[in-house]
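Chains, contacts and geometry: an overview
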Amino acid sequence: MKKWQRNAPCWCGSGKKYKLCHEAFDERILSYEKKGHVVPDRGLIKSAADIEGIKKSAVINIAVLDEIGEKIHAGMNTQEIDDIVATTTAKMGGIPADLNYEGYPKNVCTSINDQVCHGIPSKDVILRDGDIINVDCSTILNGYYSDSSRMYMIGDVDPEWRRLVEVTKEAMEEGIKAVRPWRFMGDMGDAVHQHALKNGYSVVKEIGGHGCGLEFHEDPFVSYVSKPGEEMLMVPGMVFTIEPMINMGSDAIFIDEDNGWTVYTDDGLPSAQWEVEVLVTDDGCEILSY
């Protein structure tokens, strides 16, 4: 961490002198680093202006998922969901972050039943009674990114599948409760993992959450099969997603060879995911997008 002059304006952009703003904060981070822990660099600490910008982006992201919740139904195709995302986002002045990201062809991800994530909307994919679907939406507004996803249950869903959806949401909520400043990502990840395990489910290892806000995907990678006291130190100002992918059966997955995007469970059993974007605060966390 670059040494900062004590009387110079703080690196965070507050306009205060460094010694009155982030000097003690930096020294505390350095004390963890000296003990061998992974710590965030200054680029991962969001300023007050950054946080305000992310929150405004999140207003759109939340509104889009609300709109989908009102309109989703059996018999509609997933391209119609993509159209809702495109129209609502544009109407509110935003840009869908998914579109053309690393070549992704649509505005949103729609992952049904045994699709773990990155399901591609299509006129040929029709929602059926009993389906469960994750809609993963991301928004850019004035250069700031928000990201969250929800599960939707279509019609009369099998009780075991419904339980998977509910327990996955509970696991995410356990993760939210474990986000505390000066604790570790591994504490949060383990809280998610243990809740899934005690309910008889598995958690996908290869795909996790991520930092978010100034870019779509930032450091750190956020694992949900991590151990307490490990992974990156959480400090106030960090923004990242909590988005566990929980499988009814094995945690083994594979990627569709034809489209190069859609991830499936290897055993064909259903998977569920909920996602929030959170800000680490001085005494816990604040949910920015859900």
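Structure: above.
Below: a short report on this structure. (Residues numbered from 1 in each chain as written. Predicted model: local features only at pLDDT ≥ 70, side-chain atom pairs only at ≥ 80, totals over all residues. Heavy atoms only, no water.)

1. Focus: the packing of aromatic side chains
As a reminder, the rule being used: Planes of paired rings set the category: under 30 degrees apart is stacked, over 60 is edge-to-face and the rest tilted, where pairs are Phe, Tyr or Trp rings (Trp by its six-membered ring) whose centres lie within 6.5 Å. Numbering of helices and strands runs from the N terminus; a helix is a DSSP stretch of H or I covering at least four residues, while a strand is a stretch of E covering at least two. Exposure is judged per residue with a 1.4 Å probe applied to protein chains only, and the accessible area is read against the type maximum: over 50% gives exposed, under 20% gives buried, and values in between give partly exposed. Charge-over-ring placement is defined geometrically: NZ (Lys) or CZ (Arg) within 6 Å of the ring centre, and within 35 degrees of the ring normal.
Tallied over the entire structure, the rule returns seven aromatic pairs. Pairing Tyr32 with Phe184 gives two aromatic rings, centres 6.1 Å apart and planes at 70 degrees, and the pair type is edge-to-face. Within this pair, whereas Tyr32 is found in helix H1 (residues 23-34), its partner Phe184 is found in the loop between helix H4 (159-177) and helix H5 (185-198), the two being separated by 152 residues in sequence. We classify Tyr32 as buried; its relative accessible area is 16%. Of the residues examined, Phe184 reaches a relative accessible area of 9% and is grouped as buried. Aromatic rings pair up to connect Phe25, Tyr32, Trp182 and Phe184 into one cluster. The ring of Trp274 is capped by Lys169, whose NZ or CZ atom sits 4.9 Å from the centre of that ring.

2. Considering the sheet that holds strand S3 (residues 115-117)
Inclusion rule: For two strands to pair, DSSP has to find at least two bridges joining them. Every axis in this analysis is a line fitted to C-alpha atoms, fitted for helices over the stretch in contact. Angles between the N-to-C directions lie between 0 and 180 degrees.
Judged by pairing direction, the sheet is antiparallel, and its three strands sit side by side in the order S3-S12-S11 without closing on themselves. In this open sheet, the two edge strands, each paired with only one partner strand, are S3 and strand S11 (253-255). Here the strands of the sheet are splayed against their neighbours by 40 degrees on average, with no regard to which way each runs. Relative to strand S12 (residues 263-265), S11 runs antiparallel, the two sharing three bridges. Bridge pairing links Ile253 to Thr265 in S12.

3. Focus on the pairing of strand S2 (residues 109-112)
Side chains Cys109 and Ser111 of S2 all project onto a buried face; the interleaved residues Thr110 and Ile112 project onto the opposite face, where all are buried too. Here S2 pairs with strand S4 (residues 132-141) via four bridges, running antiparallel. For Ser111, the partnering residue across the bridge sits in S4 and is Asn134.

4. Things to note about the side chain of Asn77
How we decide: By the criterion applied in these results, polar contacts are pairs of N or O atoms within 3.5 Å in which, for protein atoms, one can donate a hydrogen and the other can accept it, and in which residues neighboring in sequence qualify only through two side-chain atoms. What makes two residues a contact is simply this: any of their non-hydrogen atoms within 4.5 Å.
Along the polypeptide, Asn77 turns up in the loop between helix H2 (48-71) and helix H3 (78-91). Of note is the side chain of Asn77, whose polar atom sits 3.1 Å from the backbone nitrogen of Gln79. Not counting residues up to four positions away in its chain, the partners in contact with Asn77 are Ser122, Lys123, Val125 and Ile126.

5. Some details on H5
The condition is simple: Helices are assigned an expected span. That span is 1.5 Å times one less than the residue count.
With 14 residues, H5 should cover 20 Å at 1.5 Å per step; its first-to-last C-alpha distance of 20 Å lies within 8% of that length. Looking at the buried residues of H5, the elements they touch are H4, strand S6 (202-203), strand S8 (218-222), strand S9 (239-242) and strand S10 (245-247).

6. Overview of the pattern of salt bridges
What counts here: A pairing counts as a salt bridge when a side-chain nitrogen of Lys or Arg comes within 4 Å of a carboxyl oxygen of Asp or Glu.
Counted under the stated rule, the structure contains nine salt bridges. Across the salt bridge formed by Glu23 and Arg6, the nearest N and O atoms sit 2.8 Å from each other. Residue Glu23 is located in helix H1, and its partner Arg6 is located in the segment before H1; the two are separated by 17 residues in the primary sequence. Using a relative accessible area of 14% as the deciding quantity, one classes Glu23 as buried. In this structure, Asp66 engages Arg150 in a salt bridge whose closest nitrogen and oxygen atoms are separated by 2.8 Å. Residue Asp66 is found in helix H2, and its partner Arg150 is found in strand S5 (residues 144-153); the two are separated by 84 residues along the sequence.

7. Side note on the nonpolar core
Taken as a class, soluble globular proteins show a tendency for nonpolar side chains to be buried jointly. Stated formally: Joining through side-chain atoms within 4.5 Å is the link that ties buried Ala, Val, Leu, Ile, Met, Phe, Trp, Tyr and Cys residues into a set, and such a set is a nonpolar core.
The biggest cluster of nonpolar side chains holds 45 residues, and the ones touching the most others in it are Met185, Met188, Val235, Phe240 and Ile242. Listed by contribution, the elements that provide at least two residues to this core are H1, H4, H5, S9 and strand S14 (276-280). Here this core gets six residues from one element, more than from any other, and that element is H4. Excluding anything up to four places from it in sequence, Ile242 contacts Met172, Gly175, Ile176, Val179, Met188, Tyr224, Trp274, Glu275, Val276 and Val278.

8. With respect to the side chain of Asp256
Defined as follows: The charged-residue count follows a simple rule in which Lys and Arg add positive charge and Asp and Glu add negative charge, with His and chain termini not counted at all.
Structurally, Asp256 is set in the loop between S11 and S12. For Asp256, which is buried and forms no salt bridge, the nearest opposite charge comes from Lys106, at a distance of 15 Å. Among the polar contacts listed, one links the side chain of Asp256 to the backbone nitrogen of Asp258, at a separation of 2.7 Å. The residues touching Asp256, leaving out its near neighbours within four places in the chain, are Trp261, Thr262 and Tyr264.

9. Topic: the sheet that holds S6
Pairing in this open sheet of three strands is antiparallel, and the strands run S6-S10-S13 from one edge to the other. Two strands in the sheet have a free side with no partner beyond their single neighbour: S6 and strand S13 (271-273). With two bridges joining them, S6 and S10 adopt antiparallel strand pairing. Counterpart to Val203 in the pairing with S10 is Ile246. Lying on the sheet, H4 is in contact with S10 and S13; it crosses S13 at an angle near 40 degrees.

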